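Examination of the molecular architecture
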Amino acid sequence: MLDAYIKYVRYLAILTIIGMIFYGGCTNSSNVTHEAAGIVIPSISPSVSTLTSSETNEAEIVKNGKFSPVTITFQNLNAIPVTLKYYKVEYNNSYNGEKISSLSFGADLTHTIAGSGSSATGGTAATTTGTTSTSTGTSATASGNAVTLTVVNQKVKTAMYGVLEDSTDNKILTAKITFYGVDYNANGLELNASVTIVP
């Protein structure tokens, strides 16, 4: 009777070990999604995108107005090379938090942030392939340890200045920018930044 019990316990132990190995392997391959290589965004400049051209009439602003582009700077804390592969920009109405799905867009972006040999400075050195991406009238340019985005295109201006004769209808928007990439071990990376757009 005791021999049968010991065999039963051994059988359960073997099944448990096999199950743990299988389950652990499955979860490890799909849950690595955030800041795997220690890349952070220490600064966004400017944090508020405003009109930089001289138009004053709202219809003219929608037609020709230029808003400041946004530069997102990356810092490589662990000095592990990382490649940014894609970015997306989503817009919300800052007043009520409503997401404006019709303005959202995404584009491929091949930008490598190299590891730095200097751990004392936090590893901020970077290189890039010099890629420029364009999508729906909005562009991104990668250079060094920064990516510069134009977050206000024609559609965004139209959404901000809904009723041209009524300045109280103007909307302040928030642009949420998300970068996706991988480190040299193919671990996933996701980085978020946000910018306020003031009409």
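Residues numbered from 1 in each chain as written. Predicted model: local features only at pLDDT ≥ 70, side-chain atom pairs only at ≥ 80, totals over all residues. Heavy atoms only, no water.

Some words on the overall build of the protein chain
What the protein chain contains, in helices and strands, is three helices and 10 strands. In the protein chain, the succession of α and β elements from N to C terminus is α-β-β-α-β-β-β-β-β-β-α-β-β. Going through the 199 residues of the protein chain one by one, you find that 32% of them count as buried. If you take every contact in the protein chain between residues at least 6 apart in sequence, the share linking residues at least 24 apart comes to 65%. Accessible area for the protein chain stands at about 11000 Å²; split by element, carbon and sulfur atoms hold 56% of it. (Helix = DSSP H or I, 4+ residues; strand = E, 2+ residues; numbered from the N terminus. Buried < 20%, exposed > 50% of the residue type's maximum accessible area, 1.4 Å probe, protein only. Contact = heavy atoms within 4.5 Å. Areas by Shrake-Rupley, 256 points an atom, 1.4 Å probe, with all protein chains shown as cover.)

Let's talk about unusual backbone geometry
Across the junction of Ser45 and Pro46, the peptide omega takes the value -10 degrees, indicating a cis bond. Looking at the secondary structure, you find Pro46 in the loop between β1 (39-45) and β2 (48-49).

Considering the pattern of salt bridges
One pass over the full model with this rule turns up two salt bridges. Residues Glu90 and Lys88 are paired through a salt bridge, measuring 3.9 Å at the closest nitrogen-oxygen approach. Overall, the relative accessible area of 13% leaves Glu90 in the buried class. Looking at Lys88, the relative accessible area reads 24%, which means it is partly exposed. In this structure, Lys99 engages Glu90 in a salt bridge whose closest nitrogen and oxygen atoms are separated by 2.8 Å. Here the salt bridges share partners, and the residues they tie into one network are Lys88, Glu90 and Lys99. (Salt bridge = Lys/Arg side-chain N within 4 Å of Asp/Glu carboxyl O.)

Brief notes about the sheet that holds β2
The strand order across the open sheet built from five strands is β2-β10-β9-β4-β5, with neighbouring strands paired in mixed fashion. Whereas interior strands pair on both sides, the edge strands pair on one side only; in this sheet they are β2 and β5 (105-113). Across seven bridges, strand β4 (residues 82-93) lies against β5 in antiparallel orientation. Within β5, the residue paired with Tyr87 across the bridge is Ala107. (Pairing = 2+ DSSP bridges.)

A word on the pairing of β4
Bridge count between β4 and strand β9 (residues 173-183): 11 bridges; the pairing is antiparallel. From the neighbouring strand, Val89 faces β9, where its bridge partner is Ile177.

Regarding the packing of aromatic side chains
For the coordinates displayed, the defined rule picks out four aromatic pairs. With a centroid separation of 6.3 Å and 40 degrees between ring planes, the pair formed by Tyr87 and Phe179 is classed as tilted. One end of the pair, Tyr87, is in strand β4; the other, Phe179, is in strand β9, with 92 residues separating them in the sequence. On the accessibility criterion, Tyr87 (0% relative accessible area) is buried. (Phe/Tyr/Trp six-rings, centres within 6.5 Å; stacked < 30°, edge-to-face > 60°.)

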